[in-house]
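# Structural characterization, general
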Amino acid sequence: MSLLEQLIETHTGKTTDKWSLYVREYARLFEPYRDQPICLLEIGVQNGGSLEVWSDYFAQARVLVGCDIDEGCRNLTYADSRVHVVVGDASTVETRDQILSISATFDIIIDDGSHTASDIVKSFALYFERLSEGGLYIVEDLHCSYWQNYQGGLHNPLSSIHFFKSLCDIVNHQSWGLPMSRRELLTEFSKQDIAEFSEDLLAQIHSVEFLNSICVVRKAAAPNNTLGPRIVRGQEAFVDVGPLGLDGQDLVAPLQCMPDLAAPLNAEPLLFDEDFYLSNYPDVAAAGVNAFAHYLGNGKSEGRHPTADRAALAALQEAKVWGREQAAVLAGIAEFVADNGDALTQAIEASQKQLEFWHLQHAARFDQLTQMSVEQEDREVQRLDKLELNLVGMRAELTDKLSELLMAQSLELAGSFEASQSKLVGGQAEHAVQIAFLKNEQAKQAEQAQRQYESLHGEFIALKTSFIQINAAYWDAKQTYEACVAELREELEAERVRLAWRSAHPLKAFWRDLFSRKTAGVDA
Ligand SMILES: C[S@@+](CC[C@H](N)C(=O)[O-])C[C@H]1O[C@@H](n2cnc3c(N)ncnc32)[C@H](O)[C@@H]1O
């Protein structure tokens, strides 16, 4: 028993609900991712048990995100912080953005959500883009794709299983032999406003694996999804020489007639009257399924009418009769082939023999051509040898001519070099005389200038000495003048006091004068 089977078998806690086959296959598919730091997304959480199992199984996982439309899932809590639950409709851009805010890419995506065709296709369009290279996109419970309550039904062109069957064709796009892109194969899903796919994204579908009720789509970079060049090794081809010479070639698909892919969908919608269908078949209306999808998947084979329009019904009847006639023609052809099988086989064998004979004939011709080409090659080699000899001769001749030319030129150059050298020497002597004369002149002028400087300097010193003397005399005179001025000022002041006193007291002055004369022995 694998580890995953053991984990699920012994799981306690939150409930999980998986079919035995899934667990066995998941053990195989998930083994390479078990010890990797992966990110996992599961659409459809319900009771939350599967997220617990994934957290035990992927011990090194970075993030485990579950998404469920049921509000009840908000109450789910996990001890493992790597587990996140987003509540919302996984097939909407809003919910996708919430999921991507937790992890921008995922290595494993499991769609165990509504199991309804349009939700499955929408989710594939939203999340396959975010699957990492080498990642797995798994859709569970595809048994629902055969049931009308899930927009399904055997050969219903809009069922989820039909969508994944188309992805098988997309993987083999290289071999279609049709001028048609991958996305054109899914036009019906875009016309019905279910989902749009880009060519680049579809080119990254590496493989589509179907098991009972599950589909596993593996992603790889587009260049890894082509056949690549053919590899033919070994030289012996006694049975069939066909592969020889095909090594390294790419597949070239022969051009095919364009199939009318939309024929069942194009013819029927012209007749299909949704209002009529839903009112005429209340069980379909009650199931709330897409009426047209129901008609294609179930109603048609159950003999239900697509419209009340008699003319349209008659046309449909006519088409059915025509279809039966064509089937009869085909049956006739098949019968013819069965009856004439031996003759046909003989004819085929005869043409095969003829082909082999033709091949032998051509093989001989090929040998002949090979022989011819060997002879031609010899002739070519001889011609080339001759040419080479000629070339060697021409080269020697040219080399001689060139050295002669060089010699003549170098002699001429030497003559002109000598002439210019003697001119240079003459010029040099002339310049030396001129330089000596100029130097002499310069020395004379320098001497004269020195003499002039010295006499001027003597004059300057004499002037400076007389200036110092005059300055000293000036200071002496200034001091004498200032002393005289001070003395005169004093005398003037004394005279002024005397005069003032006399004019104020003339008698007093007279007597004092007299007294002082007397005292001095002078008669008045
Ligand atoms: C089968 S259960 C999931 C079981 C779970 N994966 C497990 O293994 O135990 C399906 C769940 O998908 C949820 N569901 C239905 N439609 C949905 C949608 N559009 N988006 C997200 N979840 C959806 C349902 O609410 C339901 O809980």
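As shown above, the structure is provided for reference.
Residues numbered from 1 in each chain as written. Predicted model: local features only at pLDDT ≥ 70, side-chain atom pairs only at ≥ 80, totals over all residues. Heavy atoms only, no water.

## Here's the deal with the site of the ligand
Of all residues adjacent to the ligand, which total 18 residues, the nearest are Lys 18, Gly 44, Asp 68, Asp 89 and Asp 112. Between a nitrogen atom of the ligand and a side-chain N or O atom of Glu 42, the distance comes to 3.3 Å. For the ligand, the accessible surface in isolation is 590 Å², of which the surrounding protein chains cover 88%. Here the residues of the shell around the ligand sort into four nonpolar, seven polar and seven charged. (Near = heavy atom within 4 Å. Polar contact = N/O pair within 3.5 Å; in protein donor to acceptor, adjacent residues only side chain to side chain. Areas by Shrake-Rupley, 256 points an atom, 1.4 Å probe, with all protein chains shown as cover. Nonpolar A, V, L, I, M, F, W, Y, C, P; charged D, E, K, R; others polar.)

## Describing a nonpolar patch on the surface
On the surface, a cluster of nonpolar side chains totalling about 530 Å² of accessible area is made up of Val 329, Ile 333, Phe 336, Val 337, Leu 344 and Ile 348. The greatest single-element share of the nonpolar patch, amounting to four residues, is contributed by helix H13 (residues 310-339). Along the chain, Ile 348 turns up in helix H14 (residues 341-504). (Patch = residues over 30% accessible without salt bridge, like charges linked within 9 Å, V, L, I, M, F, W, Y side chains within 5 Å. Salt bridge = Lys/Arg side-chain N within 4 Å of Asp/Glu carboxyl O. Helix = DSSP H or I, 4+ residues; strand = E, 2+ residues; numbered from the N terminus.)

## Examining the packing of helix H5 (residues 117-127) against helix H6 (residues 160-171)
Look at H5 against H6: their axes get within 8 Å of each other, and the N-to-C directions meet at 35 degrees. Here Ala 117, Ile 120, Val 121 and Phe 124 of H5 lie close against H6, whose contacting residues are Ser 160, Phe 163, Phe 164 and Leu 167. Looking at the contact of H5 with H6, its residues break down into seven nonpolar, one polar and no charged. (Axes fitted to C-alpha atoms, helices over the stretch in contact; angles between N-to-C directions. Contact = heavy atoms within 4.5 Å.)

## As for the sheet that holds strand E3 (residues 83-87)
Read from one edge to the other, the open sheet built from seven strands follows the order E3-E2-E1-E4-E5-E7-E6, with strand pairing classed as mixed. Each edge of the open sheet is held by one strand with a lone partner, namely E3 and strand E6 (205-211). Strand-to-strand twist in this sheet, taken as the mean axis angle between neighbours without regard to direction, amounts to 15 degrees. Inspection of the sheet shows strand E1 (residues 39-43) paired to strand E2 (residues 63-68) by five bridges, in the parallel sense. Bridge pairing links Cys 39 to Val 63 in E2. Its contacts with the sheet put helix H4 (residues 93-102) on E1, E2, E3 and strand E4 (106-111), and the angle it makes with E3 is roughly 165 degrees. (Pairing = 2+ DSSP bridges.)

## Remarks on the nonpolar core
Counting 44 residues, the largest nonpolar core has Phe 164, Phe 197 and Val 217 as the members making the most contacts within it. Ranked by residues supplied to this core, first place goes to H5 with six residues. In contact with Phe 197, not counting residues within four places along its chain, are Val 121, Phe 124, Ala 125, Phe 163, Arg 183, Leu 186 and Leu 202. The next biggest cluster of nonpolar side chains, apart from the first, holds 28 residues, and it includes Ala 61, Cys 73, Val 83 and Ile 110. (Core = buried A, V, L, I, M, F, W, Y, C linked by side-chain atoms within 4.5 Å. Buried < 20%, exposed > 50% of the residue type's maximum accessible area, 1.4 Å probe, protein only.)

## Quick word on the pattern of salt bridges
Taken as a whole and judged by the stated rule, the model has 19 salt bridges. For Glu 42, the salt bridge is made with Lys 18, and the minimal N-O distance between the two is 2.7 Å. Of this pair, Glu 42 sits in strand E1 while Lys 18 sits in the loop between helix H1 (3-9) and helix H2 (20-30), placing them 24 residues apart in sequence. By relative accessible area, Glu 42 is classed as buried at 0%. The class for Lys 18 is buried, based on a relative accessible area of 17%. Put simply, Asp 97 and Arg 96 hold a salt bridge, and the shortest N to O gap is 3.2 Å. Using a relative accessible area of 17% as the deciding quantity, one classes Arg 96 as buried.

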